[in-house]
Amino acid sequence: MHIAVLDDNVADRNQMNRLLTRASDANRGTEIEEYYIDLFGSIESLMPKTAMYDAIFIDMVTEDIKGHEIAERIFKQGVSAKIVLCISKINYKDVVSDELKDEFLYINKPIKVPELNEILYICDAKRMKKEPKIELRTKGETVYIKYSDFYYAKALEMGKTIVTLTNGDNLVVLKDISAFRGDMSPYDFIKSINLDTIVSMKHVKKFSTLKVIMDDGTEFRNNSLLVKLLKKN
């Protein structure tokens, strides 16, 4: 299990590293995966790497952006990591927005080993059953979506793709449709219906040899046979 620790207190950061290392050592000889731990002292160093982790421990109290604000920002990226807020000077339970309060785990400092082990068990359980994510790089940010969030995608000019999600959001991705098609290839329910369009078959209302109609009424021309022939060549 890959774990990130984001803490602006160097002593606390090192203490958490020691606790997590001991917990990992204690799991040797069991079915629990070894813990791989990375330490961060600033949000700038962590944010580009959040998708790598299964658990992220956060306590930031001296920066302009506080721990709970960082947690909410990471959560809204769509990462699959379980986020743990470590309570010290800020009682995060009191300041996290109501809509996200139950999405996070909380642990008090100084950290007690039994409480930490319980948190790690929850994080590992989520890791074992999490759905793979797709990384979408847009001009302003990187977003991670579940494959089940994908609705359809169309090619744009200049090597870009517009991706429509099931919630109606549209994201302009800095990747051409061919490369994006490769990202989606592990999932049989996601199909190329022509050279410029990919759809989720779970949301297709009508499928014929000439066109595809999505359940929101959007129509695309169907030339999936040509796509299959090109893949073979």
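Position numbers for residues count from 1 along each chain, tracking the sequence in the order it is written. Given that this is a predicted model, residues contribute local features only at a pLDDT of at least 70 and side-chain atom pairs are listed and counted only at 80 or more, while totals for whole chains, interfaces and linings are drawn from all residues. Based on all heavy atoms of the structure, the side-chain values leave hydrogens and waters out of the count.

K.L.:
Quick question: what am I supposed to make of the pattern of salt bridges here?
P.N.:
Any two side chains of opposite charge can pair if their charged atoms end up close together. Salt bridges are identified by distance alone: a Lys or Arg side-chain nitrogen within 4 Å of an Asp or Glu carboxyl oxygen. Counted by the stated rule, this structure contains nine salt bridges. In this structure, D124 engages R127 in a salt bridge whose closest nitrogen and oxygen atoms are separated by 2.9 Å. With D124 and R127 both in helix α5 (residues 113-129) and three residues apart, this pair spans about one turn of that helix. One network of salt bridges, with partners in common, ties together D7, D12, D59 and K109. The helix and strand labels rest on DSSP assignments: H or I over at least four residues marks a helix, E over at least two residues marks a strand, and numbering proceeds from the N terminus.

K.L.:
How should I be thinking about unusual backbone geometry in this particular structure?
P.N.:
Excluding glycine, residues mostly carry a negative phi; peptide bonds, for their part, are mostly trans. For the peptide bond that leads from K109 to P110, omega is -5°, which places it in the cis range. Non-glycine residue M158 carries a positive phi angle of around 60°. Tracing the sequence through the fold places M158 in the loop between β8 (150-155) and β9 (161-165).

K.L.:
How should helix α6 (residues 177-184) be read in this particular structure?
P.N.:
A turn of α-helix holds 3.6 residues, and therefore any two residues three or four places apart point the same way. Whether a residue is buried, partly exposed or exposed follows from its accessible area with a 1.4 Å probe, protein chains only, as a fraction of its type maximum: under 20%, in between, or over 50%, in that order. What α6 keeps buried is the set I177, F180, R181 and M184. Buried residues in α6, looked at end-on, bunch into an arc of 105°, giving them a common side. Polar contact is defined as a pair of N or O atoms within 3.5 Å, subject to the rule that within protein one atom must be able to donate a hydrogen and the other to accept it, and that residues adjacent in sequence are counted only when both atoms are side-chain atoms. Of the residues that open α6, the one with a side-chain oxygen 3.1 Å from the backbone nitrogen of S178 is D176. Here the arc refers to the directions that run from the helix axis out to each C-beta atom.

K.L.:
So what exactly am I meant to see when it comes to the environment of K206 here?
P.N.:
Relative to the helices and strands, K206 is located in strand β13 (residues 204-207). Working rule for contacts: check all heavy atoms of both residues, and any pair within 4.5 Å makes them a contact. In this structure K206 touches K211, V212 and I213, once residues within four positions along its chain are discounted.

K.L.:
Hey, could you run me through the pairing of strand β3 (residues 55-59) in this one?
P.N.:
The buried fraction of β3 amounts to five of the five residues, a majority that puts the element mostly inside the structure. Taking every second residue as pointing to the same face, both faces of β3 are buried, with A55, F57 and D59 on one and I56 and I58 on the other. Note: strand β1 (residues 2-7) against β3, five bridges, orientation parallel. If you follow V5 over to β3, its bridge partner there is F57. For two strands to count as paired, DSSP must find a minimum of two bridges between them.

K.L.:
How should the nonpolar core be read in this particular structure?
P.N.:
Membership of the largest hydrophobic core comes to 26 residues, with the highest contact counts inside it found for L46, I56, I58, I74, L85, Y92 and F104. Only β1, α2 (43-46), β3, α3 (67-76) and β4 (82-87) provide two or more residues apiece to this core. Setting aside its immediate chain neighbours within four residues, I74 contacts L46, M47, T50, I56, I58, V79 and I83. To define a nonpolar core, start from buried Ala, Val, Leu, Ile, Met, Phe, Trp, Tyr and Cys residues and group those joined through side-chain atoms within 4.5 Å. Counting 19 residues, the second largest nonpolar core, distinct from the first, contains V5, A55, F57 and I119.

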